[in-house]
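Examination of the molecular architecture
Here is how the chains run, residue by residue.
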Amino acid sequence: MSMPMKERITSVDRQRTWEGEIPFHYEYTAGVSGERFLRGLQRGKILVPKCGNCGRSYLPPRAYCTNCFLEITSYVELKPTGRVSALAESHVDFQGRRSKPRTFAFVTFAGVTGGLVHFAEGKGLRIGSSVRAKFKPAAKRKGTLLDIETFVKT
Amino acid sequence: MVERVEIIGVGFEGFRPSITDLSTRELMYEAASKAYHDAGVDPRKDIGSFISCTEDLWEGWSIADEMVPDQLGGAGRPVCTVPADGIVGLGHAIMHIRSGVADVVAVEAHSKVADVLDKTAVENLALDPVFHRATGANSDVLAGLEMSSFMEETGTKRGELSQVVRSAKRKAMRNGRASYGATLELEEIDSSEPLALPLRRLDRPEFAEAAVVIVLASGSWAKRHRKDGVFIDGLSWRSATPWFEAGGVKTARYMQDSYRSVMKQSGLRDLSQFDVLEVDDSYSFKLVQHLMSMGVSKVGVMGMLKEGTALNPSGGSLGTGHLIEATGSHKVLECVLQVRGTAGGNQAKGVGRAFASSWRGNPTGAGAAIALSVGN
Ligand SMILES: [Zn+2]
């Protein structure tokens, strides 16, 4: 293929590109199971779906069993204590820009498949540490994952 | 007995961090022209189906199917897009051939990712809006979490992962298709910019741009037209629950199951039977995890990092640059060139069998594998 122009690019201002953007916004439906879970958080409870067939529970919550492909209609309340199964100290924000370090954990709960990615804190926090969900004050909860403020080492 | 499928031609263009002269369509056209020349086929007459592996958000263009036909020579013909990695696209091509849709199929995959100004935003859109995006944990954080757990469970040390990076960057120095070759000291890698510790900048590949077109044909068509193809002995792909939420990190289920299926199809026993391996290294620890998922011990993996071994002679994604949906196609391309003996500076000796694998990246649990051979 021949060169599109004779001149080479000597300045990014002269680069032969066209800028465009996709400015879309969404309002995602949490779903039957998501709503049940999030309303639970608002009341300071961690509710997880439990399959009536195989007995598996799931986090993040889902309305169907991955194992059995059956609808899940019953929920059980978990103790708010879990285990740090993975730990990362993030030096970037959501957009990938440098930011002050924040600690994220993948918190798992006994008898539950999966877990929650959330903030975690506490002296000597490491993989294997026990952590407890610290909920926001009831008046400040909005029915989102952030109704849990963080997980604190016990 | 199912019909054998062969790769009768490959073509590629790009393999640079940024291709500033060619548009996405022109890039595809260049790779397609070369592949058809290599295969000795006329797309307007000989090719019965055209497949492009593409994802709308990376294109910045919705219903990206609409921009596929012309530059592949597929206008007015059966054309489809597969929103998945290139090896999955090859799987679809095999199905088209075996089901009688077409005797000859072209599979295109590309990366024009330097056009995407907000790469992190596109990655973030792949995350669950309610349960992942809420805390602001992006895909680097997910990778850092999985990496921490993998290191803990397998006893993998920082220094070992730095050896993975060093090996890839060094091998890439001999590959003309690799954009990120370098001779690095382990300390430079150990202390590179922290992203989501333990994940550091050099643990994840930079992006690169390229297009790869692979032409497949049924064994009977290839014989009739006297083509010396590269045989596809096995191909498989699996999708598991996204991210590692569903299970352990010692093995990646999608890779383990894809691998086992490919070995069964090929009638082979283990990875040592291949002369060249191009295994997904979308993060340093993923290379180790993927190999362990395919039955290699960690000690075995570390031994494979030495110069002159069968593992990732191309320099992998860490050395070549990540090519988004073309990542698997690149690995297959390297394998085809290796078995033909035309891989260039990184050509291995006496390659009869080659194996490639891919993973679709965070937060997916989707991977694919393929076994290739010549001359038996
Ligand atoms: Zn079940």
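Residues numbered from 1 in each chain as written. Chains lettered and ligands numbered in written order. Predicted model: local features only at pLDDT ≥ 70, side-chain atom pairs only at ≥ 80, totals over all residues. Heavy atoms only, no water.

Before going further, it helps to spend a moment on the coordination of the zinc ion. Residue and element names in this part refer to chain A. Within the first shell, the zinc ion binds the protein through Cys-51 (SG), Cys-54 (SG), Cys-65 (SG) and Cys-68 (SG), at distances of 2.3 Å. On the primary sequence, the residues serving as donors to the zinc ion are separated as C-x2-C-x10-C-x2-C. Linking Cys-54 in the loop between β1 (46-50) and β2 (57-59) with Cys-65 in the loop between β2 and β3 (74-78), this pair joins segments that are eleven residues apart in sequence. Note on Cys-54: relative accessible area 30%, which makes it partly exposed. Relative accessible area serves as the criterion here: at 2%, Cys-65 is assigned to the buried category. (Donors = N, O, S within 2.8 Å, 3.2 Å for Na, K, Ca; no water. Helix = DSSP H or I, 4+ residues; strand = E, 2+ residues; numbered from the N terminus. Buried < 20%, exposed > 50% of the residue type's maximum accessible area, 1.4 Å probe, protein only.)

The residue Asp-140 of chain B is located in helix α6 (residues 139-154) in this model. Here Asp-140 of chain B falls in the buried class, since its relative accessible area comes to 7%. Measuring from C-alpha to C-alpha, the distance between Asp-140 of chain B and Gly-14 of chain B comes to 27 Å, with 126 residues separating the pair along the chain. Ignoring sequence-local partners within four residues, the contact set of Asp-140 of chain B consists of Val-92 of chain A together with Leu-195, Ala-196, Leu-199, Arg-204 and Tyr-283 of chain B. (Contact = heavy atoms within 4.5 Å.)

Chain-level statistics for chain B give a pLDDT mean of 95 and a share of 98% at 70 or above. Across the predicted assembly, pTM comes out at 0.95 and ipTM at 0.93. (pLDDT = per-residue confidence, 0-100.)

For the rest of this paragraph, the subject is the nonpolar core. All names here are of chain B. By size, the foremost hydrophobic cluster in this structure holds 43 residues, and its most contacted members are Ile-7, Leu-216, Ile-232, Val-332, Ile-370 and Leu-372. Setting aside anything within four residues of it in sequence, one finds Leu-372 in contact with Ile-7, Val-230, Phe-231, Ile-232, Asp-233, Val-332, Cys-335, Val-336, Gly-352, Arg-353 and Ala-354. Listed in part, the 42 residues of the second largest apolar core include Met-147, Phe-150, Met-263 and Val-296. (Core = buried A, V, L, I, M, F, W, Y, C linked by side-chain atoms within 4.5 Å.)

Further remarks concern the interface of chain A and chain B. Between chain A and chain B, the contact holds 43 residues from the first and 41 residues from the second. One salt bridge in this structure joins Arg-126 of chain A and Glu-152 of chain B, with 3.6 Å as the shortest N-O distance. Across the contact surface, chain A and chain B share ten residue pairs in polar contact (both at pLDDT 80 or more). When residues of the side of chain A that touches chain B are traced back to their parent elements, those giving at least two are α1 (31-42), β4 (81-92), β5 (98-108), β6 (112-114) and β7 (116-121) of chain A. Broken down by element, the side of chain A that touches chain B gets its largest block of residues, eight residues, from β4 of chain A. Class assignment for the residues of the side of chain A that touches chain B results in 24 nonpolar, twelve polar and seven charged. Relative to strand β5 (residues 194-197) of chain B, β4 of chain A runs antiparallel, the two sharing two bridges. Across the sheet, Ser-90 of chain A pairs through a bridge with Ala-196 of chain B, a residue of β5 of chain B. (Salt bridge = Lys/Arg side-chain N within 4 Å of Asp/Glu carboxyl O. Polar contact = N/O pair within 3.5 Å; in protein donor to acceptor, adjacent residues only side chain to side chain. Nonpolar A, V, L, I, M, F, W, Y, C, P; charged D, E, K, R; others polar. Pairing = 2+ DSSP bridges.)

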